[in-house]
Amino acid sequence: SQQGEEDPQALSIQEGENATMNCSYKTSINNLQWYRQNSGRGLVHLILIRSNEREKHSGRLRVTLDTSKKSSSLLITASRAADTASYFCATAAAYSGAGSYQLTFGKGTKLSVIP
Amino acid sequence: DAGITQSPRYKITETGRQVTLMCHQTWSHSYMFWYRQDLGHGLRLIYYSAAADITDKGEVPDGYVVSRSKTENFPLTLESATRSQTSVYFCASSESSGYGSYEQYFGPGTRLTVT
């Protein structure tokens, strides 16, 4: 099955710096989503980008999608200590029918923002 | 309270015992999902449901059983627990979609330990 793979696995930055995480996937997608998980908690949806979109913004988040390279990046600008969490990309397959509403998650990037 | 809840939050059981993890959502979302999260594997889909009385296998269904008699509930049963099923289990729900286009809302998780 297709799977997003995040890179790097772990990232440590100073507060105020920008954080960039990358996601690669294997097959055609309908959309790609990013989620955040704070330690010991459930995942929280951050942003969704469709296959016909190239860039999307939400507050301090910027997501890009390059379907030709099958990759996406998540940029968090002016990071804060509260951004410390694991970030996951998830892909929705580009086919209809049973299972098309499934998401396939990557293994995540663990971001540490040092105050 | 509106949202998605899971119970119990923590569970310790012995090998061979049957365990049921509960999931309840108040949004009347059509789709519900069960994932397990393990170090090194990210989130893996166990079972999903498109509506009441409609369920299907995900990536790692062996050893698990689900049912969905009501839209709001989606219990997951481990018929005979094994140590390999020690994990954190997340339930999620989503609005109906033909292409998995909507975000998934996650519960807080159940940490299950099988001794």
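Here the residue numbering is sequential within each chain, running from 1 through the sequence in written order. In the order they appear in the text, chains get letters beginning with A and ligands get numbers beginning with 1. Thresholds applied to this predicted model are a pLDDT of at least 70 for local features of residues and 80 or more for the giving and counting of side-chain atom pairs; totals over whole chains, interfaces and linings are not thresholded and use all residues. To obtain the side-chain values, all non-hydrogen atoms of the structure were used and water was disregarded.

Colleague: Got a minute to help me understand the overall build of chain B in this structure?
Modeller: Secondary structure is summarised from DSSP: a helix means a run of H or I of at least four residues, a strand means a run of E of at least two, and numbering begins at the N terminus for each. Helix and strand counts for chain B come out as zero helices and 11 strands. When its helices and strands are written in sequence order, chain B yields β-β-β-β-β-β-β-β-β-β-β. For a compact globule of 115 residues, the expected C-alpha radius of gyration is about 13 Å, and chain B comes in at 13 Å, within 12% of that figure. The C-alpha extent of chain B, read off along each of the three principal axes, is 40 × 30 × 25 Å. We call a residue buried when its accessible area falls under 20% of the maximum for its residue type, exposed when it is over 50%, and partly exposed in between, using a 1.4 Å probe and counting protein chains only. Relative to its 115 residues, chain B shows a buried fraction of 49%. Pairs of residues are marked as contacts when any of their non-hydrogen atoms sit within 4.5 Å. Residue pairs at least 24 apart in sequence account for 55% of intrachain contacts in chain B once pairs closer than 6 positions are excluded. Note that His is not counted, nor are the chain ends; the positive residues are Lys and Arg, and the negative ones are Asp and Glu. A single reference atom marks each charge: NZ on Lys, CZ on Arg, CG on Asp, CD on Glu. Computed over 10 positive and 11 negative side-chain charges, the separation of the two mean positions in chain B equals 9 Å. With C-alpha atoms as the basis for the radius of gyration, the globule rule is written as 2.2 Å multiplied by the number of residues raised to the power 0.38.

Colleague: What should I look at first to understand the packing of aromatic side chains in this one?
Modeller: Each aromatic ring pair is described using two quantities: the centre-to-centre distance and the angle formed by the ring planes. Between 30 and 60 degrees the pair is tilted, below 30 it is stacked and above 60 it is edge-to-face, where a pair is any two Phe, Tyr or Trp rings, Trp via its six-membered ring, whose centres lie within 6.5 Å. Scanning all chains against the criterion turns up nine aromatic pairs over all chains. Summarising the aromatic geometry, the rings of Tyr64(B) and Tyr89(B) are spaced 5.9 Å apart at their centres and angled 65° between planes, so their arrangement reads as edge-to-face. Here the residue Tyr64(B) occupies a position in strand S7 (residues 64-66), and Tyr89(B) occupies one in strand S9 (residues 87-94), the gap between them amounting to 25 residues. Residue classification places Tyr89(B) among the buried residues on the basis of a relative accessible area of 0%. Among the aromatic residues, ring-to-ring pairing joins Tyr35(A), Phe105(A), Phe33(B), Tyr35(B), Phe90(B) and Phe106(B) into one connected group.

Colleague: Where do I start with the layout of surface pockets in this structure?
Modeller: The gaps of empty space that remain are located by a probe, the size of a water molecule, rolled over the atoms. Two kinds of site are reported from a 1 Å grid over the protein atoms alone, namely cavities, where a 1.4 Å probe fits but cannot get out, and pockets, open sets with protein on both sides within 12 Å along at least five of seven lines, and residues are called lining when an atom falls within 4 Å of a point. Grid points are joined across faces, edges and corners, and a volume is the space filled by probe spheres set on the points. Space inside the largest pocket adds up to approximately 830 Å³. In terms of lining residues, the largest pocket is bounded by 32 residues, among which Gln37(A), Ser86(A), Phe88(A), Gln37(B) and Leu39(B) are the most central. For the lining of the largest pocket, the secondary structure elements donating two or more residues are strand S1 (5-7), strand S9 (85-93) and strand S11 (109-114) of chain A together with strand S4 (31-38), S9 and strand S11 (110-114) of chain B. For this scheme, ten residues count as nonpolar: Ala, Val, Leu, Ile, Met, Phe, Trp, Tyr, Cys and Pro. Four count as charged, namely Asp, Glu, Lys and Arg, and the remainder, Gly too, count as polar. Per-class residue counts for the lining of the largest pocket are eight nonpolar, 16 polar and eight charged.

Colleague: Can you walk me through the environment of Tyr25(A) in this structure?
Modeller: Mapped onto the secondary structure, Tyr25(A) falls in the loop between strand S3 (19-24) and strand S4 (29-37). Sequence separation between Tyr25(A) and Thr77(A) is 52 residues, and the spatial gap between their C-alpha atoms is 24 Å.

Colleague: Sorry if this is basic, but what is going on with the sheet that holds strand S6 (residues 55-58) of chain A here?
Modeller: Residue and element names in this part refer to chain A. A pair of strands counts as paired when DSSP detects no fewer than two bridges linking them. The strand order S1-S3-S8-S7-S6 describes an open sheet built from five strands, whose pairing is antiparallel. At either end of the open sheet lies a strand with only one pairing partner, and these are S1 and S6. In this sheet, neighbouring strand axes are inclined to one another by 20° on average, regardless of whether the strands run parallel or antiparallel. Bridge analysis of S6 against strand S7 (residues 61-66) gives four bridges, and the strand direction is antiparallel. Axes, fitted as lines to C-alpha atoms, cover a helix only where it is in contact. Angles between the N-to-C directions of the axes lie from 0 to 180 degrees.

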